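# Coordinate analysis (summary)
Next come the chains, spelled out residue by residue.
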Amino acid sequence: MLRGWKIFKAVSGTVWSVFTYGLQVARDTLLSIDDGEKRNQWKWREAWRVLKEQLTLTKKAAVEGVQAIKLEASIYSAVIGTPGLISLQYFVDSLTPKLLSSMAKENFVKALSDLRNPNVRKITLEEFDFGPKGPILLSARTYKLDDAIALDVDVDWSSELKAKVKVTSKFGVAVPVTIKKLRFDGVVRVVLTPLTDEPPGFGAVLVSFPKAPSIGLDVSLSKLDITKSPWLREELLKEIQKAVVAEFLWPRRIVLPSGAPPTNPKPILSRVVLNALSESDPLLDAERKIEENEVYRKSNIKREKALENELGLDVVVADG
């Protein structure tokens, strides 16, 4: 809605400025010529000619503006409130204890193994409990695309996740760390593309954040461990931010290939296509096409981008 209002203001402002400029030029034409019967006839004709030219430009600006608004509206399909998400919320709640927990643990372990930091030799997961509380789906927006199913979902998640990890510094000092109460408030973009004739009906799932989310978590260490490793809190903040920026902030995304059931799952799409999806997809292509519109370029309207410095992080360090 906010973006639509910006576009409307830009279009109406452009049309109004062109129209008022035409009136000003016509007025100046009338005032710039000395009085006299023949001169009066001439200056009215000249003013009318100038005004008609400016009205033509005004009409052109209005047509371009309407095209820009239609183009923006064309990729949206529907806005869904909380009541419309009851079924999806039911699936999320049902899948949280098992499937989502398993997926979260797997990704958590991978994130720890991929971590590269000069102060850290190794991080090992000791315990992991996802907790019973899943994400809350607040609202969603769907997109109208030729070869994809895409939606943005507003998510609020104050989890009961708890993980115990052992951080081994470069000097060999092992520091037990408890990470808990992960908090997430933001928009999750999910794109299923390309649509296929074979089950499950799409080649890959693309997941990203169109805007920088707010992420928080509590980190518990003993007073002794905080004294031994005062850098740990800042390093955890830095690594979380790097991971989110590198993998999720739109137009970056993670690509999850679909498997061909029922046995020996294998990606439906080739590695070349999956690599291409890491760079673009039908929704991103549609957004780029909109940005090429004349009104967008003249008004310097920029599509919102997720910026690294907008990433909200809140880490609380307490005694273990």
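Residues numbered from 1 in each chain as written. Predicted model: local features only at pLDDT ≥ 70, side-chain atom pairs only at ≥ 80, totals over all residues. Heavy atoms only, no water.

## Focus on the side chain of aspartate 281
To keep it simple, the criterion reads: Per the convention used, a helix needs a DSSP run of H or I reaching at least four residues, while a strand needs a run of E reaching at least two, with both numbered from the N terminus. Between buried and exposed lies partly exposed: a residue is buried under 20% and exposed over 50% of the maximum accessible area for its type, with that area taken using a 1.4 Å probe on protein chains only. We call two N or O atoms a polar contact when they sit within 3.5 Å, provided that within protein one can donate a hydrogen and the other can accept it, with sequence-adjacent residues counted only if both atoms are side-chain atoms. Any two residues having at least one pair of non-hydrogen atoms within 4.5 Å are treated as being in contact.
Note on placement: aspartate 281 falls in the loop between helix H6 (271–277) and helix H7 (282–291). What makes aspartate 281 buried here is its relative accessible area of 3%. A polar atom in the side chain of aspartate 281 sits 2.9 Å from the side chain of arginine 253. Among the polar contacts listed, one links the side chain of aspartate 281 to the backbone nitrogen of leucine 283, at a separation of 2.8 Å. Aside from chain neighbours lying at most four places away, what touches aspartate 281 is Val191, Thr193, Leu206, Trp250 and Arg253.

## Some points on the pattern of salt bridges
Just so we agree on the cut-off: Between Lys or Arg on one side and Asp or Glu on the other, a salt bridge is scored when a side-chain nitrogen of the former is within 4 Å of a carboxyl oxygen of the latter.
Using the criterion set out here, one finds five salt bridges in the structure. Among the ionic pairs, aspartate 154 bridges to arginine 141, the shortest N-O distance being 3.1 Å. Residue aspartate 154 is located in strand E4 (residues 149–158), and its partner arginine 141 is located in strand E3 (residues 136–144); the two are separated by 13 residues in the primary sequence. For arginine 141, a relative accessible area of 21% gives the class partly exposed. The salt bridge partner of arginine 253 is aspartate 281, with a shortest N-O separation of 2.9 Å. Here arginine 253, found in the loop between helix H5 (232–247) and strand E9 (254–257), pairs with aspartate 281, found in the loop between H6 and H7; they are 28 residues apart in sequence, far enough to count as distant. Aspartate 281 carries the same exposure label as arginine 253, and that label is buried.

## Observations regarding H7
Using the following cut-off: This arc corresponds to the set of directions leading from the helix axis out to the C-beta atoms.
Within the span of H7, buried status applies to Leu283, Leu284, Ala286, Glu287 and Ile290. Considered in projection along H7, the buried side chains sweep an arc of 160° and stay on one side of the axis. For H7, the N-terminal capping position is held by aspartate 281, with its side-chain oxygen 2.8 Å away from the main-chain nitrogen of leucine 283.

## Some points on unusual backbone geometry
For the bond from threonine 193 to proline 194, the omega torsion is -15°, close enough to zero to count as cis. You can see proline 194 is positioned in strand E6 (residues 174–195). With phi around 55°, lysine 181 is a residue other than glycine that occupies positive phi space. Looking at where lysine 181 falls in the secondary structure, it is placed in strand E6.

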